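Commentary on secondary and tertiary structure
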Amino acid sequence: MNTYALTAYEKNGEKILDETITASNDTEAKKRGEARLAELNMQEKTHRLTSPKGQLLLFHR
């Protein structure tokens, strides 16, 4: 299992979410990240999901 970083921010730059997601691959991590953002109603907030290798899997501004 790999650990991915999910973060979300307010427009003023304040970090409002800083969580890790454990998944077996990038596709699964992306699905889990999207689900977590939806659960918290943060889909339209600035957010990103990065892989353990530093790859950007999700990004929204």
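Let us look at the structure shown here. Fair warning: this is a prediction, and the values are worked out from it, not measured in the lab.

Some points on unusual backbone geometry
One non-glycine residue with positive phi stands out, namely N41, at about 55°. Within the element layout of this structure, N41 appears in the loop between helix 1 (26-39) and strand 3 (46-50). Classification of N41 by relative accessible area gives exposed; the value is 63%.

Thoughts on the sheet that holds strand 1 (residues 2-9)
Read across the sheet, four strands follow the order 2-1-3-4 without closing on themselves; strand pairing throughout is antiparallel. Single-partner strands in this sheet number two, and they are strand 2 (15-23) and strand 4 (56-60). On average, each strand axis in the sheet is tilted by 10° relative to the strand beside it, whichever way the strands run. For strand 3 and strand 4, the ladder comprises four bridges, and the chain directions are antiparallel. What sits directly across from H47, in strand 4, is H60. Against the sheet, helix 1 touches strand 1, strand 2, strand 3 and strand 4, its axis set at about 145° to strand 2.

Some details on the nonpolar core
Counting residues in each nonpolar core, the largest one holds twelve residues, listed as Y4, L6, A8, L17, I21, A23, A29, L37, M42, L49, L57 and L58. Elements that contribute at least two residues to this core include exactly strand 1, strand 2, helix 1 and strand 4. Residues within four places of L58 in sequence aside, it is in contact with K30, G33, E34, L37, H47, R48 and L49.

Conventions and cut-offs
- Residues numbered from 1 in each chain as written.
- Predicted model: local features only at pLDDT ≥ 70, side-chain atom pairs only at ≥ 80, totals over all residues.
- Heavy atoms only, no water.
- Helix = DSSP H or I, 4+ residues; strand = E, 2+ residues; numbered from the N terminus.
- Buried < 20%, exposed > 50% of the residue type's maximum accessible area, 1.4 Å probe, protein only.
- Pairing = 2+ DSSP bridges.
- Axes fitted to C-alpha atoms, helices over the stretch in contact; angles between N-to-C directions.
- Contact = heavy atoms within 4.5 Å.
- Core = buried A, V, L, I, M, F, W, Y, C linked by side-chain atoms within 4.5 Å.

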